[in-house]
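# Structural overview for review
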Amino acid sequence: MLATIALGAAQSPWGVAGGAIAGHALATFIAVLGGAFLAKYISEKLVGYIGGALFLVFAVATFFGVF
């Protein structure tokens, strides 16, 4: 976000805003398509378990100062 603000100050704010909106829309579109594709092969319950396990891994790693 800070880079977008700095670029908007140095360049055309309309061009920067248009590029940021287009980039965000493209990233969201790819995420939606990827999620729909994965939903065919992975259950929602499994996604919850994987997310919970990753949360715990990152919590323990942060506690021990890995990051």
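Bear in mind that the values here come from a model prediction, so they are computed numbers and not experimental data. All residue numbers here refer to positions counted from 1 along the written sequence of the relevant chain. pLDDT decides what is reported in this predicted model: residues at 70 or higher carry local features, side-chain atom pairs at 80 or more are listed and counted, and totals for whole chains, interfaces and linings draw on all residues regardless. In computing side-chain values, all of the structure's heavy atoms are included and hydrogens and water are not.

## Some details on the packing of aromatic side chains
Operational definition: A pair of aromatic rings is counted whenever rings of Phe, Tyr or Trp (Trp by its six-membered ring) have centres within 6.5 Å, and the orientation is called stacked for planes under 30 degrees apart, edge-to-face for over 60 and tilted otherwise. Under the scheme applied here, a residue whose accessible area is under 20% of the maximum for its type counts as buried, over 50% as exposed, and between as partly exposed, the area being computed with a 1.4 Å probe on protein chains only.
Taken as a whole and judged by the stated rule, the model has 2 aromatic pairs. On the numbers, 5.1 Å between centres and 80 degrees between planes, the contact of Phe63 with Phe64 is edge-to-face. The pair Phe63 / Phe64 is uniform in exposure class, with both members exposed.

## Examining the environment of Val16
Under the convention used in this document: The numbering of helices and of strands both runs from the N terminus, where a helix is a DSSP run of H or I of at least 4 residues and a strand a run of E of at least 2. Contacts are residue-level and defined by heavy atoms, with any inter-residue pair within 4.5 Å sufficient.
Tracing the sequence through the fold places Val16 in helix α2 (residues 13-39). Residue Val16 is classed as buried on the basis of its relative accessible area of 12%. In the structure, Val16 is positioned 49 residues away from Gly65 in sequence and 37 Å away in space, judged by C-alpha atoms. Apart from residues lying up to four places away in sequence, Val16 is in contact with Thr4, Leu7, Gly8 and Gln11.

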